[in-house]
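Chain and residue survey
Here is what each chain is made of, one letter per residue.
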Amino acid sequence: MAPPLVAGGGLLLAAFLAFSLAASSANAAVSYDHRSLVINGRRRILISGSIHYPRSTPEMWPGLIQKAKDGGLDVIQTYVFWNGHEPVKGQYYFSDRYDLVRFVKLAKQAGLYVHLRIGPYVCAEWNFGGFPVWLKYVPGISFRTDNGPFKAEMQRFVEKIVSMMKSERLFEWQGGPIIMTQVENEFGPMESVGGSGAKPYANWAAKMAVATNTGVPWVMCKQEDAPDTVINTCNGFYCDYFTPNKKNKPTMWTEAWTGWFTSFGGAVPHRPVEDMAFAVARFIQKGGSFVNYYMYHGGTNFGRTAGGPFIATSYDYDAPIDEYGLLRQPKWGHLRDLHKAIKQAEPVLVSGDPTVQSLGNYEKAYVFKSKNGACAAAFLSNYHMNAAVKVRFNGRHYDLPAWSISILPDCKTAVFNTATVKEPTLLPKMHLVVRFAWQSYSEDTNSLDGSAFTKNGLVEQLSMTWDKSDYLWYTTYVNIGANELSKNGQWPQLTIYSAGHSMQVFVNGKSYGSVYGGYNNPKLTYDGHVKMWQGSNKISILSSAVGLPNDGNHFERWNVGVLGPVTVSGLNSGKRDLSHQKWTYQVGLKGESLGLHTVTGSSSVEWGGPGNRQPLTWHKALFTAPAGSDPVALDMGSMGKGQMWVNGHHVGRYWSYKAPSGGCGRCSYAGTYRQDKCRSNCGQLSQRWYHVPRSWLKPGGNLLVVLEEYGGDLAGVAMATRRTT
Ligand code: GAL
């Protein structure tokens, strides 16, 4: 490690020199200095975009990467998703959507670089922040702190990925595309809440990462105290306020948020491209040299990969390439034009720092000079949110719309203005093409199978399921004596407290409805009068998880499931607490263990006529794929909550959960933050359409299986293609 951070010129200078020598050492193909990354001796302004490989299919990757290249990107950034790669401890998976090597090689083939964020904590609205659930049950473990078992597992995975990349010759010095790596993710803010183990852990993580000798720089985003030689970087809607913690580190923006994620029950966030372009130009004009769009293609949280709880299946993110892989216009095109303008000035931009001239109260010029001191490139900015202005610069007049920046790559011609969008708007639409003929099979909500087991008291859900299923059955009995039921006919009152996330209640096989939490509070309470009789009554609760948390201090310790108390009141004998008596548990649904979602498994039960609205019903239909090659989506807006599969591929969770009716507003582009009213779908479903990748379909005989938890209207389910005409 380099010397610790010290104030005081002499030591700093010594540290700086020591570092410069190390960074520019003979075989380092990628190094850095104060101004930028240096690739094979050349400083670069790099435009990057996040595309997370498991959020699309390998068949989609070449097209997405090409669109990124055509949009003016130099780099593809992705996290590495540990729980996808090691679902069972010691059993690795690197195929299909998790074929990381193939993804990195495709970027290389397209002539792009890769920024690999190994984490292995990734946040990313990804289930459990990327951690495998088994990790939680390693004895003595505590996540993301100075803890032996955690550090050992983390190091093992980081080293595994690094050595895999090395043996595939994927680092830049080996002729590969990887120019930069990341360890951890936004750990800085955790240091103030993480106790005494936090800082030592951050230092350990940096040191461990650097010791893997990737031969490319490491970054730690949002980590102000990132130890040398690791570069601290900025994440945010704007990053022009940011400076790295050492003079010799470049100013880099690892997450420029192009929109935001959607949660079930939340409105759909948007970020206008004018504001996005303005933020990027602001960053570059102040000396930033690396910008990564998070996300450039957001994609889909297929299967049960969505984090949360309550993260939606769509991870569209309002990104320049939409969930389906189509260009989002004018966003994609306007940013492409921005990148062209920046690239025209690239050599001048990286040759030194800008000087700033005031052109008025809200107006400034950032000037990049050539060696002889002449103006070589300039950015003219107007920070006023509403007023357009005319400014005078170098003897010429320029019109600057409100909240905008013009780029003058030759110091004279304004080739691009961030608020002047030339790219036409294109609005893709869904075209309904397939309706389905259904068969249905309802689960028995009053009996468990042979895998059921009994315990004293209520147990935490994840500790039983290990997340192999969203579902855990909690069943118990209440014995009601001869004179215990109220004489006035009032049924007993059942009250159930759950830590989350959603729950259905059955008494003696009859459904008494469902309750669920939400993104801001996953907890829930059932409170209702239920019919009970003298003798034994069976209470069955189906608790379901909707994505494990991916963010927050020690999120791995947050509970799921019915933790109680569970009480029955309104009996003549008073209130009874059932929390500590015997409960019988079953992980998952019967249909899941029979594999009803697969072609072979679906033949293991008798399917009946369609249209069954009972809770916990499986529905299946055969269909012919929509003609052509346009992306395909399922309309699930008429259904309740559940999951769906196509030809055995797990499309994901669906949930017709509505966003609150208030909070959407006019999408003004000035000063857009996520708190802004720049949202859609208020009072409507957070998500109605679900992406079914084309490569999962064959021409005919496709099997669609839907598991509906609450009961919905099958007549509304349809398949559509998406296109702009
Ligand atoms: C960041 C985080 C990302 C993602 C993003 C929100 O703070 O680093 O992984 O979670 O927020 O989409």
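Conventions and cut-offs
Residues numbered from 1 in each chain as written. Predicted model: local features only at pLDDT ≥ 70, side-chain atom pairs only at ≥ 80, totals over all residues. Heavy atoms only, no water. UniProt positions renumbered as here; feature names shortened; annotations may be inferred. Axes fitted to C-alpha atoms, helices over the stretch in contact; angles between N-to-C directions. Helix = DSSP H or I, 4+ residues; strand = E, 2+ residues; numbered from the N terminus. Parallel < 35°, antiparallel > 145°, perpendicular 65-115°, else oblique. Left-handed = near helix turned anticlockwise from the far one by under 90°. Contact = heavy atoms within 4.5 Å. Nonpolar A, V, L, I, M, F, W, Y, C, P; charged D, E, K, R; others polar. Buried < 20%, exposed > 50% of the residue type's maximum accessible area, 1.4 Å probe, protein only. Expected span 1.5 Å × (residues − 1). Core = buried A, V, L, I, M, F, W, Y, C linked by side-chain atoms within 4.5 Å. Phe/Tyr/Trp six-rings, centres within 6.5 Å; stacked < 30°, edge-to-face > 60°. Lys NZ or Arg CZ within 6 Å of the ring centre and 35° of its normal. Near = heavy atom within 4 Å. Polar contact = N/O pair within 3.5 Å; in protein donor to acceptor, adjacent residues only side chain to side chain. Disulfide = S-S within 2.5 Å. Pairing = 2+ DSSP bridges. Arc of directions from axis to C-beta.

Under an unreviewed UniProt entry, the name given to the protein chain is Beta-galactosidase, and the source organism is Triticum aestivum. The UniProt entry for the protein chain carries the following comment under Subcellular location (unreviewed entry): "Secreted, Extracellular space, Apoplast".

**Topic: the packing of helix H5 (residues 148–167) against helix H6 (residues 198–210)**
Orientation of H5 relative to H6, taken along the N-to-C sense of each, is 25 degrees, at an axis distance of 11 Å. Comparing the axis directions of H5 and H6 gives the class roughly parallel. Here H5 runs over H6; the crossing is right-handed. Listed contacts from H6 to Phe150, Lys151, Met154, Gln155 and Val158 of H5 are Tyr201, Trp204, Ala205 and Met208. Looking at side-chain class alone, the contact of H5 with H6 contains seven nonpolar, one polar and one charged residues.

**A look at the UniProt feature "domain: Beta-galactosidase galactose-binding" (unreviewed entry) in the protein chain**
UniProt records the feature "domain: Beta-galactosidase galactose-binding" (unreviewed entry) for residues 471–537 and 616–702 in the present numbering. When the span residues 471–537 is considered, its composition is 0% helix and 57% strand, and the gap between its end C-alpha atoms is 22 Å.

**Side note on the environment of Gly535**
By secondary structure assignment, the location of Gly535 is in strand E28 (residues 535–544). Residue Gly535 is classed as partly exposed on the basis of its relative accessible area of 22%. Those residues in contact with Gly535 that lie beyond four places of it in its chain are Val478, Asn479 and Ile480.

**Describing helix H8 (residues 331–344)**
In this model H8 runs 20 Å from its N-terminal to its C-terminal C-alpha over 14 residues, within 8% of the 20 Å that 1.5 Å per residue would give. Of all 14 residues in H8, ten are buried, a share of seventy percent or more. For H8, the set of buried residues is Lys331, Trp332, Gly333, His334, Leu335, Arg336, Leu338, His339, Ala341 and Ile342.

**Concerning the nonpolar core**
Among the nonpolar cores identified, the biggest contains 134 residues, and Met165 and Leu338 are the most heavily contacted of them. Ranked by residue count, the leading element in this core is helix H7 (residues 273–285), at nine residues. The residues touching Met165, leaving out its near neighbours within four places in the chain, are Leu100, Val101, Leu116, Leu170, Phe171, Gln174 and Ile178. Ranked by size, the runner-up nonpolar core spans 31 residues in total, among them Ala312, Met644, Tyr657 and Val706.

**Focus: the packing of aromatic side chains**
One pass over the full model with this rule turns up 54 aromatic pairs. Between Tyr53 and Phe81, the ring centres sit 5.7 Å apart and the planes meet at 70 degrees, which makes this aromatic pair edge-to-face. Placement of Tyr53 in the loop between strand E4 (46–51) and helix H2 (61–70) and of Phe81 in the loop between strand E5 (75–79) and helix H3 (82–85) is noted, with a sequence separation of 28 residues between them. The residues Tyr53 and Phe81 share a single accessibility class, namely buried. Its relative accessible area of 0% is what places Phe81 among the buried residues. Sitting over the face of the ring of Trp655, Lys641 holds its NZ or CZ atom 5.1 Å from the ring centroid.

**What about the environment of Tyr294?**
Tracing the backbone shows Tyr294 in strand E12 (residues 290–297). Sequence-wise, Tyr294 and Gln77 are 217 residues apart; in three dimensions their C-alpha atoms are separated by 8.7 Å.

**Here's the deal with the site of the ligand**
Among the 15 residues in the neighbourhood of the ligand, the closest are listed as Tyr79, Glu125, Glu186, Glu255 and Tyr317. Residue Val122 places a main-chain N or O atom 3.1 Å away from an oxygen atom belonging to the ligand. Note that an oxygen atom of the ligand is positioned 2.5 Å from one of the side-chain N or O atoms of Tyr317.

**A word on the state of the cysteines**
Summed over all chains, the structure comprises three disulfides. Disulfide partner of Cys234: Cys239, at an S-S distance of 2.0 Å. Between Cys234 and Cys239, the disulfide has an S-S torsion of -80 degrees and is therefore left-handed. Judged by its relative accessible area of 3%, Cys234 falls in the buried class. Judged by its relative accessible area of 0%, Cys239 is buried.

**Structural notes on the pairing of strand E34 (residues 641–646)**
A regular strand carries its side chains on alternate faces of the sheet. Of all six residues in E34, six are buried; the element is thus mostly enclosed. Both faces of E34 are covered, namely the face carrying Lys641, Gln643 and Trp645 and the face carrying Gly642, Met644 and Val646. Looking at chain direction, E34 and strand E35 (residues 649–655) are connected through six bridges and run antiparallel. Note on E35: the bridge partner recorded for Met644 is Gly652. With antiparallel pairing between neighbouring strands as the criterion, E34 and E35 make up a hairpin whose turn holds two residues, including Asn647 at a positive phi of roughly 50 degrees. Of the pairings in the sheet, the one linking E34 to strand E38 (residues 702–708) comprises five bridges and is antiparallel in character. When the sheet's bridge partners are listed, Gln643 is paired in E38 with Leu707.

**Some details on the sheet that holds strand E26 (residues 510–516)**
Taken in spatial order, the six strands line up as E22-E31-E23-E28-E25-E26 in an open sheet, and their pairing is antiparallel. For this open sheet the edge positions go to strand E22 (453–456) and E26, each flanked by a neighbour on one side alone. The mean inter-strand angle of the sheet, taken between neighbouring strand axes irrespective of direction, is 25 degrees. Strand direction decides the pairing type here: strand E25 (residues 502–507) and E28, joined by six bridges, are antiparallel. Within the sheet, the bridge partner assigned to Gln504 lies in E28 and is Leu542.

**Notes on H2**
Turning to H2, its buried residues number three or more, namely Trp61, Leu64, Ile65 and Ala68. In an axial view of H2, the angular spread of the buried residues amounts to 95 degrees, which keeps them on one side of the axis. Looking one or two residues past H2, Gly72 carries a phi angle of roughly 90 degrees, positive in sign.

**Describing unusual backbone geometry**
Glycine aside, negative phi is the norm for most residues, and most peptide bonds take the trans geometry. Between Gly308 and the following residue, Pro309, the backbone shows a cis peptide bond with an omega angle of 5 degrees. Tracing the backbone shows Pro309 in the loop between E12 and H8. With an omega of 0 degrees, the peptide bond between Gly500 and His501 qualifies as cis. For His501, the position within the fold is in the loop between strand E24 (493–498) and E25. Although it is not a glycine, Glu125 adopts a positive phi angle of roughly 55 degrees.

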